[in-house]
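Reading the structure
Okay, here's what each chain looks like letter by letter:
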Amino acid sequence: MNELVTHLEEKARQLRVAIVKTLHASQSGHTGGSLSAIDMVTALYFHKMRHNPADPSWEGRDRFVLCKGHAAPAQYVALAEAGYFPREDLMMLRRLGSHLQGHPDSKGTPGVEVCTGSLGQGLSMAVGMALGLRLDQRDNRVYALLGDGELQEGQVWEAAMAAAHYKTDNLCAMVDANGLQIDGDVTKVMNVNPIADKFRAFGWQTLEIDGHDMAAILAALDQAETLKGGPTVIVARTVKGKGVSFFENKAAYHGVTPSDEELPRALECLGEQCNL
Amino acid sequence: MSSMIATRDAYGETLAELGGEDPRIVVLDADLSGSTKTGVFAKKFPERFFNMGIAEANMVGTAAGLAAMGRVPFVSTFAIFAVGRAWEQVRQSVAYPKANVKIVATHGGVTVGEDGGSHQSVEDVAIMRAVPNMTVIVPADGVETRAAIRAVAAYKGPVYVRLGRNKVPTVFPADYRFEIGKGTELVAGTDLTFVTTGLMTAQAVAAAEQLKKEGVSARVVHIGTIKPLDQELIVKAARETGAIVTAEEHSIVGGLGSAVAEVLAEQCPVPLKRIGVNDRFGTSGKAEELLKYFGLTAEHLVEAGREMLSRK
């Protein structure tokens, strides 16, 4: 277990480096929310999920829906690292003609299941996938990663109601609760707390963890799989911009990318030499 | 014009038939399965029917998720909610990824009747027509609805089908073949052409009969698919008859009339008159009363036809 945790922690560090480099290259995209989500994304793609990068539409795969689609760089670096497409593609993020759109696009990017980015819509699609897997009598699971600001969208709660009503215990939602949204603190813009209580009231089983504690993430994902009779949500407290000290907990870095000057400092924070 | 059947009834029956033929088909409704007639399917295939409650946004998103699993979801509610409440879900979760979701909305137009303007969708065709990847179909009668629903089930991609609440006259023969993107010449004519959709097609056929008595040869072209539009058939009618009257149970802004105007303006400008709801909301009343109130009857079409002849 410890070896696995250490391995995934190192993988997450490498992916943080990839996120920073990718967003520096694109000079457009969402840094803070990608860095807050990457530990969970790493745990899913490099341990928990059954998937096959050589055959993205393999029927036996688990499904991942990045509801908070603006964290696309986190998913893209994981997909590239897993081998869905060449790492060089990352340098084309958000460019005209690139398959790496500003927000996840299932039409072009191998490994992306649905189009997300308009907040609040992803969980509904995840519910549909969970129902589809059940109709197909498959034991695969659906993982949906939401932001905490995203919970302000009413559709999330329509989906939460439906997921519990249809007892989709093959669905695991994860909330990347970094506490910040574009205009500032989630509690000040439109308070969504207490998150777990709300999901419980909607009929969900809830787990609360530190979203940067790899051992806790793995334990929660395992536990979620054992909880039957309804969907489970893992509410993960995270730090926006995690890993790059001068990005951390700053709403200003929601949609701002590392500048030329910031890149070497950011990489240094991540224990990486900058070879520019 | 023999039998009368509501297009929603034809939908319900056809959907239930298709359910037996194609196990991929699933149906979602938002607490209106009795009215949209998806209840017929629900009774036969309860395991493939999902009542999503009064929550249209989530219903459309769930359908997109089911489509991503290889299912063929039919989503039904009233047109005002399918297109209005869930517009952005239709755009982002269905049309943008080209998800194989069929949005079959009933209770389109003013013939919703007594429920009033809040429930009478007069903008849905315009809104759906503007969305890339979307196919938009408005059948004229029960026969066409049956054929169209079968074509829609066989087609891979997002489709919006607009159906009505009330019984409408049958205009098509039982062996009518529907093809997505193809219009149909129902009545031959040389002096002007009625280009119509939905329940207005039956009115146009009646108007053409009346005009014939007056010595005017009016063609009737039914447009079952508003997008992609059968441009060829419309341009041919404009060239051969020299004047066009469009008619739809929908706003004249953005619907069939606008679509035809776009084609004519670019390819074959001829005198054009658009019959429809004149950029207004609906109101309570009986369906038949409302068709008169909004100028959507054969008599109005006859009048428009005469006017067009004087403009040629």
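Residues numbered from 1 in each chain as written. Chains lettered and ligands numbered in written order. Predicted model: local features only at pLDDT ≥ 70, side-chain atom pairs only at ≥ 80, totals over all residues.

As recorded by an unreviewed UniProt entry, chain B carries the name Transketolase family protein and is attributed to Geomobilimonas luticola.

1. Some words on the confidence of the model for chain B
For chain B, per-residue confidence averages 97 on the pLDDT scale, and residues scoring 70 or more make up 99% of the total. Per the prediction output, this complex has pTM 0.97; the corresponding ipTM is 0.96. (pLDDT = per-residue confidence, 0-100.)

2. With respect to the sheet that holds strand 14 (residues 272-277) of chain B
Residues and elements named next belong to chain B. Read from one edge of the open sheet, five strands run 9-11-10-13-14, paired in mixed fashion. The open sheet has two edge strands, strand 9 (184-187) and strand 14, and neither has a second partner. Neighbour to neighbour, the strand axes of the sheet diverge by 25 degrees on average, direction disregarded. Here three bridges tie strand 9 to strand 11 (residues 218-222), and the two strands are oriented antiparallel to one another. Looking at strand 11, one finds that Val 187 is bridged to Val 220. (Pairing = 2+ DSSP bridges. Helix = DSSP H or I, 4+ residues; strand = E, 2+ residues; numbered from the N terminus. Axes fitted to C-alpha atoms, helices over the stretch in contact; angles between N-to-C directions.)

3. Details of the interface of chain B and chain A
If you look at the interface, chain B gives 21 residues, while chain A gives 21 residues. Put simply, the parts of the chain that give the side of chain B that touches chain A at least two residues each are helix 4 (56-68) and helix 6 (87-95) of chain B. Top element by residues in the side of chain B that touches chain A is helix 4 of chain B. It accounts for nine residues. Residues of the side of chain B that touches chain A, tallied by class, amount to eleven nonpolar, seven polar and three charged. (Contact = placed C-beta atoms within 7 Å. Nonpolar A, V, L, I, M, F, W, Y, C, P; charged D, E, K, R; others polar.)

4. Quick word on the pairing of strand 13 (residues 244-251) of chain B
Residue and element names in this part refer to chain B. With respect to burial, strand 13 is a largely interior element, eight of its eight residues being buried. Relative to strand 13, strand 10 (residues 192-196) runs parallel, the two sharing four bridges. Across the sheet, Thr 193 pairs through a bridge with Ile 244, a residue of strand 13. As paired strands, strand 13 and strand 14 are joined by five bridges and run parallel to one another. (Buried ≥ 20, exposed ≤ 12 C-beta atoms within 10 Å, placed from the backbone.)

5. Focus on the packing of helix 9 (residues 200-213) of chain B against helix 13 (residues 298-311) of chain B
Residues and elements named next belong to chain B. One way to put it is that helix 9 packs onto helix 13 with a least axis distance of 8 Å and a crossing angle of 55 degrees. The angle between helix 9 and helix 13 falls in the class oblique. For the pair helix 9 and helix 13, the crossing hand works out as right-handed. The residues of helix 13 that touch helix 9, namely those facing Gln 203, Ala 204, Ala 206, Ala 207, Gln 210 and Leu 211, are Ala 298, Leu 301, Val 302 and Gly 305. For the contact of helix 9 with helix 13, the class distribution of residues is seven nonpolar, three polar and no charged. (Parallel < 35°, antiparallel > 145°, perpendicular 65-115°, else oblique. Left-handed = near helix turned anticlockwise from the far one by under 90°.)

6. A word on the environment of Phe 294 of chain B
Residues and elements named next belong to chain B. With respect to the helices and strands, the residue Phe 294 is situated in the loop between helix 12 (287-293) and helix 13. Phe 294 sits 14 residues away from Met 308 along the chain, and the two C-alpha atoms are 20 Å apart. When neighbours within four sequence positions are excluded, Phe 294 is seen to be in contact with Val 110 and Val 277.

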